[in-house]
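Observations on chain architecture
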Amino acid sequence: MTIHVGVYEAKTQLPRLLSTVEETLEEVLITRHGKPVARIVPVTAAGGRLDDDSDPNALRRQRLRAAKARVHDGLVGKPPTTDEIVAMVREDRQRGHS
């Protein structure tokens, strides 16, 4: 799932957005007037590695913590669709975290 934010919000909330990317491994798409201009991606998507590669449940715990934080911070506008949930599960399985 990609998080969409405007340039102003990205500028004012950059530390929070970076924490979200780091914890959830989701990407942030920065838009200007509704058009994409930049993308913040987790290091793992750019060819890096997770710190907790030895723990198969680390990614799942990271995503759960981040989801709880987003709900707490009021960042969740609508729940994910069934297709989005299925895509997340498939992504976890492809990474070997079944």
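As a starting point, this report considers the structure included with it. (Residues numbered from 1 in each chain as written. Predicted model: local features only at pLDDT ≥ 70, side-chain atom pairs only at ≥ 80, totals over all residues. Heavy atoms only, no water.)

Some thoughts on helix 4 (residues 82-94)
Between its terminal C-alpha atoms helix 4 stretches 18 Å, which fits the 18 Å expected from 13 residues at 1.5 Å a residue. Gly96 occupies a position one or two residues after helix 4 and carries a positive phi of about 85°. (Helix = DSSP H or I, 4+ residues; strand = E, 2+ residues; numbered from the N terminus. Expected span 1.5 Å × (residues − 1).)

As for the nonpolar core
Among the nonpolar cores identified, the biggest contains 8 residues, and these are Ile3, Val5, Ala10, Leu17, Val21, Val28, Ile30 and Ile40. For this core, the secondary structure elements donating two or more residues are strand 1 (2-6), helix 2 (14-24) and strand 2 (27-32). Once residues lying within four places of it in the same chain are set aside, the contact partners of Leu17 are Val5, Glu9, Ala10 and Val28. (Core = buried A, V, L, I, M, F, W, Y, C linked by side-chain atoms within 4.5 Å. Buried < 20%, exposed > 50% of the residue type's maximum accessible area, 1.4 Å probe, protein only. Contact = heavy atoms within 4.5 Å.)

Things to note about the pattern of salt bridges
Summed over the entire model, instances satisfying the criterion amount to 2 salt bridges. We note a salt bridge from Arg16 to Glu9, for which the minimum N-O separation is 3.1 Å. Exposure remark for Glu9: the relative accessible area of 31% places this residue in the partly exposed category. The salt bridge involving Glu27 is made with Arg39; its shortest N-O contact spans 3.0 Å. (Salt bridge = Lys/Arg side-chain N within 4 Å of Asp/Glu carboxyl O.)

Structural measurements only, silent on function.
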